[in-house]
Amino acid sequence: MIKGINNGNIADYIRTIELFRDLTDNEIEILMNEIEEEHYQTGQFLFKENMPREKLFLIYQGEIELLKKSALGEEKRLGIFKTYDFLGEGALMDAYPHSTSSRALVDTKVFVLKAKKFTKLFENQPALAGKILAHVARVISRRMRQTTSQVVDIAAQYISGRTRQEHDLLGERYVPHEYYYGIQTLRALENFSISGVPLMHFPLLIESLAMVKMAAAKANLEIGLLSKPVANAIIQACTEIMNGKFHTQFVVDMIQGGAGTSTNMNANEVIANRALEILGYEKGQYTHCHPNNHVNLSQSTNDVYPTALKIALINSNRKLTGVLKDLVDAIRQKADTFKDIIKMGRTQLQDAVPMTLGQEFGAYAATLQEEIERLQVNADLFLEVNLGGTAIGTGINADPKYSVLAIDYLKTISKLNVKLAPDLVEATQDTGAFVMYSSALKRLAIKLSKMSSDLRLLSSGPRAGFHEINLPKMQPGSSIMPGKVNPVIPEVVNQITYKVIGNDLTVSMAAEAGQLELNVMEPIIAQSIFESIEMLKNGMATLHQRCIEGITANEARTRQMVENSIGLVTALNPVLGYEVCSSLASEALQADKSVYDLVLQKKLLTKEELDRLILPENMIGPNRLK
């Protein structure tokens, strides 16, 4: 039994703890008889890693830090726990060792429920203990949900267990206290466990959402619809998000129903709760700053989501074209390195006429260079937005001045020359810009795939293939064939491009599926295009750094194939005529002789004339005909 503290105060305190939320007054009184009081001085450990779990700790006064040591002994802080938080709830279920340590940051008072006492409580009061264990299981489940590949920081799994109650159209839910998102985001998490790739993986989209929300807040402040304190708090919250903070709170799946409403509400809730903190309130006290009434004022998902998406894609395109430019430069450097290396050109995989390896790589550089301009032209289509159109483009629930003001502010914030679409009803339902840009990504992918396939062919062998170039050896190529090395980098680029081509089909079908005044399929359009950009960006960087830069040429091999090729006969065509040259080519193949020897044997040309005509270096460009 706790001594020296008013029992009424302790009972009120216990009621606020998540684990005891639905206990009756009688059950709380029983529980109070089992709880003991403990004090920890600054720097003192409550428990350490690998110690058996023996107690549930309820923080009454003070602060506790949760930490973990690395393999090198370095401490990493995972979180700070304060009044109403609790630690060690797993001790009520088993004695498995602690995986972390906890230490008092200041002099701290805690109430503890020892595992041994809880076991006896379970025997004497099974209904009471069952209620507590049910809450423990929910808290542990909630914490474990964070231990996925979606989590950027390991600290995310160490939430305190404390919650706040929120409500929406469908009812009430408890939201973990630390989370800046709210009930609508919570529902989206439950409804849309689809791709496993949340918004937090796309920081440019998160930043763009914050830009749009900031522009809206500034416009609403100027019109007089928002008070200055609330508007400034929203603006500050948006600034922090644009600077990279709170991105882990953007948790909804990129693929979702509702035309992006879950994404918009995730942003609204995070911004509102951060604004509440700035204003001096607790998260969830939406009377002072509401996700819909204040953060989403004069807006709809149907103008916010596509506007933010377009800004994010413009900025993503800049990064993509930057990587593409670096790849083109690397290929050009190889073209210069290989400019004097003669090789056999091929059409339909058959010998054609000589060229240089430099010409071959120069063509790759030229064809990819074209895509930089194509991508930019198509990305510029995203500058036209429908912000201010609200639900279907009519501008309902927005002031007549709002759209112009919001666009002006968005220009300044985004540093982009965004402009208002001339017909907002049309712009709200149109996804043509996404189709065009996705098509440009597909075009780039097709060219990259063709080049990657060429690199695989040119490096094939080494004894039984073309073997004209050597790709860098990146890893052993077989679990059974010793010495085999595969062209793994071009292979992975091929596979990336197939995915991009498939994503383009997805975008096309989603764009076609729009109905009447809205296309509800924009989330899959967004996910597909962002995935294509990310994969192309990473694939091109890999191709550049782990393949192109290390390519070398087998010059002796390429010259030997030129000199032995029947394709040399093409150079004699202007002098001897097509029929004679065809006969020479056929005879050379059947008799396994060189074209050179046959021409001299038949005395069709002198040795001097022949040497001049079939010199490979004279066959890689146009020559004056007599």
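Residues numbered from 1 in each chain as written. Predicted model: local features only at pLDDT ≥ 70, side-chain atom pairs only at ≥ 80, totals over all residues. Heavy atoms only, no water.

Caption draft 1: Fine view of the side chain of N519. Along the chain, N519 turns up in the loop between helix 15 (488-512) and helix 16 (522-546). Only 2.8 Å separates the side chain of N519 from the backbone nitrogen of M521, close enough to count as a polar contact. Look past the residues within four positions of N519 in its chain and what remains in contact with it is Q429, T431, A510, A511, A513 and G514. (Helix = DSSP H or I, 4+ residues; strand = E, 2+ residues; numbered from the N terminus. Polar contact = N/O pair within 3.5 Å; in protein donor to acceptor, adjacent residues only side chain to side chain. Contact = heavy atoms within 4.5 Å.)

Caption draft 2: Spatial organisation of unusual backbone geometry. Residue P462 is bonded to the preceding G461 through a cis peptide linkage, with omega at 5°. Structurally, P462 can be placed in the loop between helix 14 (432-458) and strand 15 (469-470). Backbone geometry places F246, a non-glycine residue, at a positive phi of 65°. Checked against the element boundaries, F246 lands in the loop between helix 7 (228-242) and helix 8 (261-279). Here F246 falls in the buried class, since its relative accessible area comes to 19%. Positive phi, normally seen in glycine, also occurs at H467, with a value near 55°. Along the chain, H467 turns up in the loop between helix 14 and strand 15. (Buried < 20%, exposed > 50% of the residue type's maximum accessible area, 1.4 Å probe, protein only.)

Caption draft 3: Quick look at helix 2 (residues 25-32). Among the residues of helix 2, E27, I28, L31 and M32 are the ones counted as buried. Around the axis of helix 2, the buried residues are gathered within 140° of arc, so they sit on the same side. (Arc of directions from axis to C-beta.)

Caption draft 4: Molecular detail of the packing of helix 6 (residues 203-223) against helix 7. Close contact between helix 6 and helix 7 brings their axes to 9 Å; oriented N to C, the two are set at 160°. By the angle class used here, helix 6 and helix 7 are roughly antiparallel. You can see that helix 6 and helix 7 cross each other, and the crossing is left-handed. Facing helix 6, whose interface residues are I206, E207, A210, M211, K213, M214, A217, K218 and L221, helix 7 presents K228, A231, N232, I234, I235, C238, T239, I241 and M242. Per-class residue counts for the contact of helix 6 with helix 7 are 12 nonpolar, two polar and four charged. (Axes fitted to C-alpha atoms, helices over the stretch in contact; angles between N-to-C directions. Parallel < 35°, antiparallel > 145°, perpendicular 65-115°, else oblique. Left-handed = near helix turned anticlockwise from the far one by under 90°. Nonpolar A, V, L, I, M, F, W, Y, C, P; charged D, E, K, R; others polar.)

Caption draft 5: Focus on the packing of aromatic side chains. Scanning all chains against the criterion turns up 12 aromatic pairs. On the basis of an interplanar angle of 40° and a centroid distance of 5.7 Å, the ring pair of F47 and F57 is categorised as tilted. Of the two residues, F47 is situated in strand 2 (residues 45-47) and F57 in strand 3 (residues 55-61); the sequence distance between them amounts to 10 residues. Summarising the burial analysis for this pair, F47 and F57 share the class buried. Each residue in the set Y13, Y60, Y84 and F111 is aromatic and connected to the rest through ring pairs, giving one cluster. The side chain of K48 reaches across the aromatic face of F45, ending 4.7 Å from its centre. (Phe/Tyr/Trp six-rings, centres within 6.5 Å; stacked < 30°, edge-to-face > 60°. Lys NZ or Arg CZ within 6 Å of the ring centre and 35° of its normal.)

Caption draft 6: Expanded view of the environment of G171. Counting through the fold element by element, G171 comes out in strand 10 (residues 171-176). Taking the C-alpha atoms as reference points, G171 and I183, 12 residues apart in sequence, are found 9.5 Å from one another. When sequence neighbours within four positions are dropped, the list of residues in contact with G171 reads E166, I183 and R187.

Caption draft 7: The sheet that holds strand 6 (residues 86-87), seen in detail. Within the open sheet, the four strands sit side by side as 1-8-3-6. Their pairing is antiparallel. One side of each edge strand has no neighbouring strand; the edge strands of this open sheet are strand 1 (36-40) and strand 6. Where strand 3 meets strand 6, two bridges bridge the pair, whose relative direction is antiparallel. Residue pairing in the sheet places L58 in a bridge with F86 of strand 6. Contacts from helix 3 (residues 115-124) reach strand 1 and strand 8 (108-114) within the one sheet, and its direction differs from that of strand 8 by about 45°. (Pairing = 2+ DSSP bridges.)

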